[in-house]
Amino acid sequence: MFRNINEISDGAPYDLVVIGSGAAGMAAALFAAIEGRKVLLVERTEYVGGTSALSAATTWVPNSHHSRSVNPDDSRDKARKFLDGVVGNHSAPSMREAFLDSAPEAIAALEANSVVKFRPYATHPDYEQQFEGATMRGRALEPVPFDGRSLGPDLDKIRPPIPEFTIFGGMMVDRTDIGHLLAIRKSARSAAHAIKILAHYAGDRLRGRRGSRLVMGNALIGRFLASLNARGVEILIRTEVQDLVSENGTVTGAILKSGATTRRVAATNGVVLAAGGFNRHPRRRAELLPQGETYSPSAPGHTGAMQDIALRLGARFGEGNLDNAFWAPVSIRKRADGSTASFPHFVMDRSKPGTVCVDQTGRRFVNESVSYHLFGRAMFEHNKQVPCIPCFIITDAVGLSKYGLGMVRMGTRDLTPYLADGYLMEGASIADLAARIGVPAASLETTIAAMNRYAESGVDPDFGRGTTAYHRVNGDASIGPNPTLGPISTAPYYAVRLYPGDIGAATGLVINEWAQVTRADGTAIAGLYACGNEANSIMGGTYPGPGITIGPAITFAYRAVRHAVGAAQARRAA
């Protein structure tokens, strides 16, 4: 239930105060409410949902009850071996063990006690297929689509999706929807699905509302919000935390400010920090992220302000991560309203046949089909020797029409707006395109000629594109002999600039197995918990598979609440 801060009395008592309303914060608030606790959820922006609302909300949870339906051969031991191989010593094994112990329980608890529901992807492989224990399916869950009309006016308080990820001016679609829309003339089942979701959206527009059929991140947040409302959880938006209240070394409350009003609230079971991390913190960005032009498509609330407060209480930042942030290549374009769109290139174009990515000398520097995180890492590493920020993703007329390129969707007929503002660059020949993007023509021609040979043979001897199941899944199964390789030979030719984009913080506050924030000596700050990207990643700055931020976020929210409730019960018993 959304509240105005003026409706809350000074000194109001709550069992748990949760700061931040992404998946981690909402999960913590819901788990506490399920336990019968009085909860206050605080969000500094005008919307709930954080970056989770903008994301696909894939949730990596090995061995959930859903996993067994699509991958009965998976096991906890396989998942542990996989994480040990990918993450290694970049995080404490005990943290990964805690995750594996509680992740299935957390998902089961949500589904048994709320309208938060997930389903397994039929095929959604771990990214690092070369490691023992990797799977093709079962660990990646997606939120079930949700009818946001049931939220009434609260629907408008969910952070809207990235506009460039919607169609028809605001209709949200997920992978399943896209498949049906593309097959609308080939399958009666697909036609029925497409007509249903199109009619739903048309009804929204006739009523003058945003798209109310929520999918991906909006579905997860919508389901959380409906569940929190059903349990009477109080929610404040546009409210900042000025400080945490600490008594005898224990965090017991928070000082909140909204507009001209300040309130002090008590938190008898503790405070959970889930405000998203440091991505918008100007000083910490400079300290923790590699040099080079970067963009953050994350939500605006990730200012790191809560981490600053926690540090003053003795908390510390994690060390030893492979990366301090999670990466994806992004392309940049100014919107009509003057804002900047940072479009993440996850899977829709880089792995498709007929594409290649080159540095500013016109040469390849990476296997284009690797995960978005590894692609971003490769940009930084290569840029140390050869200019690579930005780099360029290139295709031909066939590739552009069939698969699209970034914000230029497949089948787009009028390219004029994209060409006019320079987002998309076009050349009548490879040499012409090279001139337009400022790379040596001979070098680019050599690169394209090599890619055409690899497309014919199906073998990429330079970078091994298409050699793992993950690469191939993101290609085009109708293309052979390698679904990720195709000719780049039909003029005109096109390019889009790619920059590194930080899609989430990997480095954050050090926590223990129960999500308690810890000091330098390893002792816990009583009453203070952190989860989501506010906490140091148990993946150690690696990116093993899809949804490895939201899965642990929900799991450690669950563990934080279990500990907070247990500690409160122990105090009462004493």
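What you are looking at is a predicted structure, and each value in this text was computed from that prediction instead of being measured.

**Digging into the nonpolar core**
Right, so step 1: Counting residues in hydrophobic clusters, the biggest one holds 144 residues, and the most contacted among them are F31, L244, L273 and L424.
Right, so step 2: Setting aside anything within four residues of it in sequence, one finds F31 in contact with A106, A109, L110, I554, A557, Y558 and V561.
Right, so step 3: In this structure, I394, I448, A450 and A495 belong to the second largest nonpolar core, which totals 20 residues.

**Quick notes on the pattern of salt bridges**
Right, so step 1: In this structure the tally under the stated criterion is 30 salt bridges.
Right, so step 2: The shortest N-O distance in the salt bridge between D177 and R213 comes to 2.9 Å. Of this pair, D177 sits in helix α6 (residues 175-182) while R213 sits in strand β10 (residues 213-214), placing them 36 residues apart in sequence.
Right, so step 3: Residue D177 is classed as buried on the basis of its relative accessible area, which comes to 0%.
Right, so step 4: Using a relative accessible area of 17% as the deciding quantity, one classes R213 as buried.
Right, so step 5: Salt-bridge contacts for R283 lead to E287; the nearest nitrogen and oxygen are separated by 3.0 Å.

**Description of the sheet that holds strand β5 (residues 118-120)**
Right, so step 1: If you trace the 3 strands from one edge of the open sheet to the other, you get β4-β6-β5, paired in antiparallel fashion. What marks the edges here is a single partner per strand, and that holds for β4 (59-60) and β5.
Right, so step 2: For β4 and strand β6 (residues 140-143), the ladder comprises 2 bridges, and the chain directions are antiparallel. Looking across to β6, one finds that W60 is bridged to A140.

**Considerations on unusual backbone geometry**
Right, so step 1: Residue P481 follows G480 across a cis peptide bond; omega there is 0°.
Right, so step 2: Within the secondary structure layout, P481 lies in the loop between α16 (469-473) and β20 (493-505).
Right, so step 3: The peptide bond linking A491 to P492 adopts the cis configuration, its omega dihedral lying at -5°.
Right, so step 4: Inspection of the secondary structure assignment puts P492 in the loop between α16 and β20.

**Some words on helix α15 (residues 441-457)**
Right, so step 1: Taking 1.5 Å as the rise per residue, α15 with 17 residues should run 24 Å; its terminal C-alpha atoms sit 25 Å apart, in good agreement.
Right, so step 2: In this fold, the buried residues of α15 make contact with β17 (355-358), β18 (391-396) and α14 (430-437).
Right, so step 3: Note on α15: the residue one or two positions beyond its end, G458, has a positive phi of about 80°.

**Topic: the pairing of strand β22 (residues 524-530)**
Right, so step 1: Most of β22 is tucked away, with 5 of its 7 residues classed as buried.
Right, so step 2: Of the pairings in the sheet, the one linking strand β14 (residues 261-273) to β22 comprises 3 bridges and is parallel in character. Each bridged residue has a counterpart across the sheet, and for V271 the counterpart in β22 is L528.
Right, so step 3: In terms of strand pairing, strand β21 (residues 516-518) meets β22 through 2 bridges, oriented antiparallel. When the sheet's bridge partners are listed, T518 is paired in β22 with A524.
Right, so step 4: Where β21 folds back on β22, the antiparallel hairpin that results is connected by 5 residues, among which G522 adopts a positive phi of roughly 90°.

**Looking at the state of the cysteines**
Right, so step 1: Enumeration according to the criterion identifies 0 disulfides in this entry.
Right, so step 2: Here C357 stays free of any disulfide, with the sulfur of C391 as its closest cysteine sulfur at 5.6 Å.
Right, so step 3: Owing to a relative accessible area of 1%, C357 belongs among the buried residues under this scheme.

**Quick word on helix α4 (residues 76-87)**
Each α-helix winds once per 3.6 residues, and so residues spaced three or four apart point in a common direction.
Right, so step 1: For α4, with 12 residues, the first-to-last C-alpha span of 16 Å sits near the 16 Å given by 1.5 Å per residue.
Right, so step 2: When α4 is considered as a whole, its buried residues turn out to be A79, F82, L83, V86 and V87. End-on, the buried residues of α4 take up no more than an arc of 105°, which puts them together on one face.
Right, so step 3: Buried residues along α4 sit in contact with β4 and α5 (93-113).
Right, so step 4: One or two residues past the end of α4 sits G88, with phi positive at roughly 60°.

So, how was this worked out
Residues numbered from 1 in each chain as written. Predicted model: local features only at pLDDT ≥ 70, side-chain atom pairs only at ≥ 80, totals over all residues. Heavy atoms only, no water. Core = buried A, V, L, I, M, F, W, Y, C linked by side-chain atoms within 4.5 Å. Buried < 20%, exposed > 50% of the residue type's maximum accessible area, 1.4 Å probe, protein only. Contact = heavy atoms within 4.5 Å. Salt bridge = Lys/Arg side-chain N within 4 Å of Asp/Glu carboxyl O. Helix = DSSP H or I, 4+ residues; strand = E, 2+ residues; numbered from the N terminus. Pairing = 2+ DSSP bridges. Expected span 1.5 Å × (residues − 1). Disulfide = S-S within 2.5 Å. Arc of directions from axis to C-beta.

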